Amino acid sequence: MISVKYRQFAPHSYIAINGEKFMLSTGMYKNSNGVIAFRIFAPYTHSLSVQCTDTGKNYKLSKGDSGWFEGILPDFSEGTRYLLIKNENDYFPDPSSHYQPEGPHAPSQVEFPIKVKDSSWRGISISDAIIYELHLGTFSPEGNLKGALKRIPYLKDLGINVIELMPLAEFPGERNWGYDGTYHFALSRNYGTYQDLHDFIKEAHQNGIAVILDVVFNHFGPEGNYSEKLAPFTKKAATPWGAQINFDGKNSSGIRNYFLECTRYWLEDAGLDGFRMDAISVIFDDSIPNILKEITDLAKSIGKVENRTIMMIAEHLRNEGFVTDENYLGYDSQWCDDLNYAVYSWLYPQNFRHYRDFGKFEDIELSLKEGFCYNGTRYNSVFNNYMGESGKTISPVQIVMHIQNHDQVGNRPDGSRIISVMGKKRALLAAMTLFVSPYVPMLFMGEEYGEKSPFLFFEDFGDSRLIKAVQRGRKNEFSFVAGYEPESPHEKNTFLKSKLQWLPENEDPAISEPSQEILFFYKQLIKLKKNGIIGSHNRKQCLISSFPDTGVITITSSYTITVLNFGARNVNGRDYGVNNNNSLILSTIPNRTGMTDKLFVPGFSGSIFKK
């Protein structure tokens, strides 16, 4: 194994690989004297200049070794707008831009993150994490960082200690999920300024909440990508989004540098607490070390230098242990959809995408006991192959589970949430199953109070051909629904329908009795999980038993017995190890804790009893 050692040389940094030192700064940065400088990888370019669009003055960069152009621009300061000029006649924005105030096709602007100064902040360990995934555009009426900041005390009261922000990178138009970003360094103008990001992170930290960022290092969006003008950033590959990032081909050294610097930028300069990395299974790299290993090593090195926990989570979705193995990629944890598929397909049978591979009661048992249902013995009808390996030897903290996330909601034909699909009773049983499991739980914004607004796919591209192609693609994806015409992703109303329904007068979720009941239920689940009363990450302290004849699963911890009734008939807890000495702590059926029939567990419900 080749390690990546990290040293900080303010205001930019270096890494050492096999004893060779590489400067990470790429694009626009401040040099050691605090002066604006540029270092741009453009191996096929004869000349490269920077134009200040405010004055019209051009500044020629010097061509150095290995395809790098460099220059110091003392006339530039924060707020200066500029374009790059290739070979004296090709003008375009800087692909390494930190800010695009007028969108991806307009001039770039000199801006820098503002790091929160709090030496007491130590971060959140993955073993303690209660993760809340949110999309800034739809989380609040304002649809930006300022709007989300107002709700941080609400998230603290809920019990959340990790906010996972869906991607922030600059994208075309006013609205997007975030996975069509084309400027990996640039905070989208739609979400605010770097001061807003600083204030959001500061407020989160003051409330004991880490902030991690969903980053998309596997592709560029289809509109507004100017990176190919400088270097071969992509190469052809069969990925869901077309071209893959060129991490191991010709002239890939500068591309690797770009993404390593991007990692350092968001974690060190902006002070974020980690990454959720999108779709790493389509990041291909035959180099040693792999770029993903370099990224995770760099992240951990930053954490070590700054004496705080940096959390690195991978969306791999192939159920393979090397993702979290310290000797391989070394992520802290990886997303796993299998519990979602197993519970969902049992409670409300599905026959599309991955759901068609599930639907048996034993799937729930397997996902609870081992994490992975796709374990090398199960055929994946989406990939048309056997996939995964056994999860028995993988620590539960290395698996992030959920019952809803942006993909599993947004890629349903109508963007419907679990409560809208199967009703409150079954939705709360699914939620209890998640929290009593030994895995790291993640919520999707709004599920904690039973949000019923859909989360639809939306975009605001400027290219009419692309807009039509996206619409066709969504229709083809849902072709299994005869005659179905999906909401137009381009229409603004599709985006507006996806916003959470907060009451503006008190900034709380819709205050109805059912919402309050659900919110209280989630708060109790989170409290029990955080206190180690349920869902121990130690499998030996989280004993799972299955009773297929009745559709019951019990999970016994050091402190509790949980009876999950996935059958339609009521069952008696006495048949599953519960007696009158075991008081009822929490039920998915409201107002049962004081009832005489507390040992009965109704169909499609769950109860947690104190041992």
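Residues numbered from 1 in each chain as written. Predicted model: local features only at pLDDT ≥ 70, side-chain atom pairs only at ≥ 80, totals over all residues. Heavy atoms only, no water.

## What to know about the sheet that holds strand β9 (residues 68–72)
Threshold: Strand pairing is assigned whenever DSSP detects at least two bridges linking the two strands. The helix count covers DSSP runs of H or I at least four residues long, the strand count covers runs of E at least two residues long, and both are numbered beginning at the N terminus. By definition, residues are in contact when any of their heavy atoms lie within 4.5 Å. Axis definition: a line fitted to C-alpha atoms, over the contacting stretch in the case of helices. Angles run 0 to 180 degrees between N-to-C directions.
Across the sheet, which stays open at both edges, the four strands sit in the order β4-β5-β9-β8 with antiparallel pairing between neighbours. Every other strand in the sheet has two partners, leaving β4 (27–30) and β8 (62–63) as the edge strands with one partner each. By the bridge criterion, four bridges tie β4 to strand β5 (residues 36–41) in an arrangement that is antiparallel. The partner of Lys30 across the bridge, within β5, is Ile36. Sitting on the sheet, helix α5 (residues 253–269) touches β5 and β9, and the angle it makes with β5 is about 135°.

## A closer look at the pairing of strand β21 (residues 311–314)
What counts, and what does not: Residue burial is assigned from relative accessible area. The probe radius is 1.4 Å, only protein chains are included, and a residue is buried under 20% of its type maximum, exposed over 50%, and partly exposed in between. Look down the strands so they point away from you; if going from the first strand over the helix to the second traces a clockwise path, that crossover is right-handed.
A two-sided burial pattern is seen for β21, the buried positions comprising Met311 and Ile313 on one face and Met312 and Ala314 on the other. The β-α-β motif built from strand β20 (residues 274–277), the intervening helix α6 (residues 291–306) and the parallel element β21 has right-handed crossover chirality. As defined by bridge partners, β21 adjoins strand β22 (residues 333–335) across two bridges and the pair is classed as parallel. The partner of Ile313 across the bridge, within β22, is Ser333.

## Some thoughts on helix α7 (residues 338–347)
Burial within α7 is extensive, with nine of its ten residues counted as buried. Buried residues belonging to α7 abut α8 (361–370), β25 (399–402), α9 (406–410) and α10 (418–436).

## So, the environment of Lys392
Looking at where Lys392 falls in the secondary structure, it is placed in the loop between β24 (385–388) and β25. Sequence-wise, Lys392 and Arg539 are 147 residues apart; in three dimensions their C-alpha atoms are separated by 9.6 Å. Once residues within four sequence positions are removed from consideration, Lys392 is found in contact with Glu370 and Arg539.

## Quick look at the nonpolar core
For the record, the criterion: Put simply, buried Ala, Val, Leu, Ile, Met, Phe, Trp, Tyr and Cys residues joined by side-chain atoms within 4.5 Å make one nonpolar core.
Leu155, Trp266, Met277 and Tyr522 are the most contacted members of the largest nonpolar core, which totals 136 residues. Here the element with the most residues in this core is α10; it accounts for 13 residues. Residues within four places of Tyr522 in sequence aside, it is in contact with Leu158, Ile403, Leu428, Ala431, Phe435, Leu443, Glu447 and Glu448. Among the nonpolar cores identified, the runner-up in size contains 22 residues, and Met28, Ile40, Ala42 and Phe76 belong to it.

## A few points about the side chain of Ser140
Heads up, the rule is: For this analysis, a polar contact is any N or O atom pair within 3.5 Å, provided that within protein one partner can donate a hydrogen and the other can accept it, and provided that sequence-adjacent residues contribute only side-chain to side-chain pairs.
If you trace the backbone, Ser140 turns up in the loop between α1 (136–139) and α2 (145–149). Residue class for Ser140 comes out buried when judged on its relative accessible area of 1%. Side-chain polar atoms of Ser140 contact the backbone nitrogen of Gly143, separated by 3.0 Å. Contacts of Ser140, omitting those with residues within four sequence positions, involve Gly147, Ala148, Arg151, Lys499 and Trp502.

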